[in-house]
Amino acid sequence: MTKTTASAPVLGIRALNRATLDRQLLLRRSGLSAKAAVGRLLGLQAQNVKPPYYALAARLDGFAPEELSQLMADREVVRIVTMRSTIHTHTAEDCLTLRPLVQSARDRELTTFRRGLEGVDLDRLAALARELVEAEPRTMKQLREALLAEWPDADPQALAVAARCKLPLVQVTPRGLWGRSGQVALTTAEHWLGRPAEAAPAPDATVLRYLAAFGPASVKDMQTWAGLTRLRDAFERLRPGLRVFRDENGVELFDLPDAPRPAEDTPAPPRFLPEFDNLLLSHADRTRVVPKEYWGRSWQGNQAYRTLLVDGFLAGVWKLTEDTLVVEPFHRLTRAQQEDVTAEGERMLAVLHPGTAYDIRFGTVVGK
């Protein structure tokens, strides 16, 4: 620990929790538009179709799923692989800047497939894949088959992954629209949006936006969020204009000087979040939201569960059956907490599933 860090004010777990919830629009619902919220949050995790809708329903006042669907149909937001090699819903503007920012990580990802890509000219592959998907959107299967015709000895899956890593491929609609179905078909962001991608930006501006959405945070926190390394230099360039804190373990945390840092006893209402919500994935140290005793409880194998916040922290999981919202807490909730969770559940259902009658049931406390 440096002398400067040692003298920095300490932010405890609850202080970090409330600050992060405030930035994430989870202390109180925001009046922002869906597009403004997607931009402010630097995108929404979107491995599946529904999570962005649930994420916005938890955060926005007056949100309706048709609002996000219309933005997708109008090509103002898109689904694309960016941070951590996962699909995110981004504004068109962020798609064209954040994807170039993380391109180095996508290039590193390719090294894990190098055996299946022996003898493959990756620049030629990128050019051919671009020609294919810009002629018409292609599924991954179609892309694999077309590329395999050029490189019959290569691994088909590695060829498709290489195309996804080398090119900014977006999922075209109707994929991603609320209440609609559609297989994944891909084209380039430039073709879909009708404008060129930006050059890879210096990370400094994104550091500031990350702190606005997820701060206070450490260098490792942002590197975890972005799936990038070597961001220390950007933080050091920005240090003179930032506030510096430390957590209870002495880790240096950075923040915007005028960012909200609510009192740790600020009320935090229950929130129903989707699987893979960025709130739970965007810090190296997740204890600001996930109590240590619940680490690993929000997923099993490759299956992630929809999560419940109570008093600002992960407190259980939930699921929708045909006619029931089932809440499975990790600990016993007080009667008042159950009433608050029920009210929040009713609100979520009214926003996303209006006109459908659901019972709300509390399941057995989920143990390890």
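Residues numbered from 1 in each chain as written. Predicted model: local features only at pLDDT ≥ 70, side-chain atom pairs only at ≥ 80, totals over all residues. Heavy atoms only, no water.

Draft legend 1. Here's a closer look at the overall build of the chain. Of the regular secondary structure elements, the chain holds 15 helices and 14 strands. Taking 2.2 N^0.38 as the reference for a compact globule, 368 residues should give roughly 21 Å; the C-alpha atoms of the chain span a radius of gyration of 21 Å, in line with that estimate. Over its C-alpha atoms, taken along the principal directions, the chain stretches across nearly 65 × 60 × 40 Å. Each of the 368 residues in the chain was classed as buried or not, and the buried ones make up 54%. Contacts in the chain between residues far apart in sequence, at least 24 positions, make up 67% of those at least 6 positions apart. Working note: accessible area of the chain is about 16,500 Å², and carbon and sulfur atoms make up 49% of it. Mean positive and mean negative side-chain charge positions of the chain (49 and 46 charges, respectively) differ by 3 Å. (Helix = DSSP H or I, 4+ residues; strand = E, 2+ residues; numbered from the N terminus. Rg over C-alpha atoms; globule rule 2.2 N^0.38 Å. Buried < 20%, exposed > 50% of the residue type's maximum accessible area, 1.4 Å probe, protein only. Contact = heavy atoms within 4.5 Å. Areas by Shrake-Rupley, 256 points an atom, 1.4 Å probe, with all protein chains shown as cover. Lys, Arg positive; Asp, Glu negative; His and termini not counted. Charge placed at Lys NZ, Arg CZ, Asp CG, Glu CD.)

Draft legend 2. Spatial organisation of the sheet that holds strand 1 (residues 44–45). The 5 strands are arranged 1-3-2-4-5 in an open sheet whose pairing can be described as antiparallel. In the strand order of this sheet, the two ends are held by strand 1 and strand 5 (186–188), each with one partner. Bridge analysis of strand 1 against strand 3 (residues 87–91) gives 2 bridges, and the strand direction is antiparallel. Counted as the bridge partner of Q45 is H88 from strand 3. Seen against the sheet, helix 8 (residues 122–135) touches strand 4 (169–171) and strand 5 and runs at an angle of roughly 115 degrees to strand 5. (Pairing = 2+ DSSP bridges. Axes fitted to C-alpha atoms, helices over the stretch in contact; angles between N-to-C directions.)

Draft legend 3. Looking closely at the environment of E93. With respect to the helices and strands, the residue E93 is situated in helix 6 (residues 92–101). Judged by its relative accessible area of 39%, E93 falls in the partly exposed class. Along the backbone, E93 and V326 are 233 residues apart, and their C-alpha atoms lie at a distance of 38 Å. Setting aside chain neighbours within four positions, we find E93 in contact with K35 and R195.

Draft legend 4. Spotlight on the pairing of strand 3. Most of strand 3 sits out of view: 5 of its 5 residues are buried. Here strand 3 shows no split at all, with I87, T89 and T91 on one side and H88 and H90 on the other all buried. Examined bridge by bridge, strand 2 (residues 77–81) and strand 3 share 5 bridges and lie antiparallel to one another. By the bridge assignment for strand 3, V81 is matched with I87. Taking the residues between adjacent antiparallel strands as the criterion, strand 2 and strand 3 are bridged by 5 residues, where R84 takes a positive phi near 60 degrees.

Draft legend 5. Main features of the environment of M222. Positionally, M222 belongs in helix 13 (residues 219–226). The sequence separation of M222 and A185 amounts to 37 residues, and the corresponding C-alpha distance is 31 Å. The residues touching M222, leaving out its near neighbours within four places in the chain, are T206, V207, Y210, L231 and F235.

Draft legend 6. Inspection of unusual backbone geometry at higher detail. In this model, T173 is joined to P174 through a cis peptide bond whose omega is 20 degrees. Its identity is not glycine, yet L25 carries a phi of approximately 65 degrees, on the positive side. Here L25 lies in the loop between helix 2 (13–23) and helix 3 (34–40). Of note in the backbone geometry, D311 takes a positive phi value of approximately 55 degrees without being a glycine.

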